[in-house]
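Topology and contacts: notes
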Amino acid sequence: MTIERSDLKIAARERQWDDEVAKQLPDLLTRLLNSPIYGLGKDRDLPPAAYGVYLFSEKGKPRYVGRVGLTERSKRAGKKFSNFRTRLRGHVRPRHNEGTHAYARTVRSFHRKKLPLAGSRKANCADPDFMEEFRRQCERIAGWDFQVVEITNNRLAAVFEIYAATVLGLSHQTFAVS
């Protein structure tokens, strides 16, 4: 059976998608880029305990886009949703189940240097040399700017995360779709 794109129900859902999602993306990106800068240092405020999409930047250059809310990570932890504050703190903890972006940066660093990696994240974190670099990456990220845009619709947040990373040129980014 072939589904025709001219099907009226499909066309109606495409219009609904444009109205509810696509038309909002540029404005959400503007709001994210114009967000106050948060962080963990004494001179920075903590982000709101809300959820949506966040951006890490280093010296004005976007480095990583992430999403908090109802995610696979928060479901596994038995929580309803994660929030900007807990996620910011989690990004700078060098543990086998935290420090997501720092871990990825550490793996890329080991690949560039042609250093051996173990077969699992837990095993890599048992390697003192790996952990030294992982800690260094977490400390570096702790100094980055952290900006947020609150989005309460999880579907919109998931789409916006991919949109923002793409438009900001973060080609190395991977996404956990949940």
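For the structure, check the block above.
Because the structure is a prediction, the values reported are computed rather than measured.

1. Some remarks on the side chain of asparagine 124
Position of asparagine 124 among the secondary structure elements: in helix α6 (residues 121–124). Contact partners of asparagine 124, with chain neighbours within four places excluded, come to Tyr103, Leu117, Ala118 and Phe130.

2. Notes on the sheet that holds strand β3 (residues 145–150)
Across the sheet, which stays open at both edges, the three strands sit in the order β2-β1-β3 with antiparallel pairing between neighbours. The two strands at the open ends of the sheet, each matched to only one other strand, are β2 (61–68) and β3. Neighbouring strand axes in the sheet, compared pairwise and without regard to direction, differ in orientation by 20 degrees on average. Seen against the sheet, helix α4 (residues 84–91) touches β1 (52–58), β2 and β3 and runs at an angle of roughly 40 degrees to β1.

3. Quick look at the packing of aromatic side chains
Tallied over the full model, the rule gives 10 aromatic pairs. Members of the aromatic cluster, connected to one another through ring pairs, are Tyr54, Phe56, Tyr64, Trp144 and Phe146. Positioned above the aromatic ring of tyrosine 103, the side-chain terminus of arginine 121 is 4.1 Å from the ring centre.

4. Quick word on the packing of helix α5 (residues 100–112) against helix α7 (residues 128–142)
A pair of packed helices is captured by two measures, namely the crossing angle of their axes and the spacing between those axes. Between α5 and α7, the least distance of the axes is 8 Å, while the angle of their chain directions is 130 degrees. The angle between α5 and α7 falls in the class oblique. The chirality of how α5 crosses α7 is right-handed. Residues His101, Ala102, Tyr103, Arg105, Thr106, Val107, Ser109 and Phe110 of α5 pack against Asp129, Phe130, Glu133, Phe134, Gln137, Cys138, Arg140 and Ile141 of α7. Residue composition of the contact of α5 with α7, by class: eight nonpolar, four polar and four charged.

Reading the values: rules and limits
Starting afresh in each chain, residues are numbered from 1 along the sequence in its written order. Local features in a predicted model are, by the rule used here, given only for residues with pLDDT of at least 70; side-chain atom pairs are given and counted only at 80 or more, and totals for whole chains, interfaces and linings are based on all residues. In computing side-chain values, all of the structure's heavy atoms are included and hydrogens and water are not. Secondary structure counts use DSSP, requiring at least four H or I residues in a row for a helix and at least two E residues in a row for a strand, with both numbered from the N terminus. The contact definition used throughout considers only heavy atoms, calling two residues in contact when any of these lie within 4.5 Å. Two strands pair under a simple rule: DSSP has to find at least two bridges between them. With axes taken as lines fitted to C-alpha atoms, and helix axes fitted only over the stretch in contact, angles between N-to-C directions fall between 0 and 180 degrees. To pair, rings of Phe, Tyr and Trp, with the six-membered ring standing in for Trp, must have centres within 6.5 Å; the planes then decide the type, stacked if under 30 degrees apart, edge-to-face if over 60, and tilted in the middle. Charge-over-ring placement is defined geometrically: NZ (Lys) or CZ (Arg) within 6 Å of the ring centre, and within 35 degrees of the ring normal. Geometric relationships in this document are graded by angle, where less than 35 degrees denotes roughly parallel, more than 145 denotes roughly antiparallel, 65 to 115 denotes roughly perpendicular, and other angles denote oblique. By convention the crossing between two helices is left-handed if the near helix lies anticlockwise of the far one by an angle smaller than a right angle, and right-handed if it lies clockwise. For this classification, Asp, Glu, Lys and Arg are treated as charged, while Ala, Val, Leu, Ile, Met, Phe, Trp, Tyr, Cys and Pro are nonpolar and the rest, including Gly, are polar.

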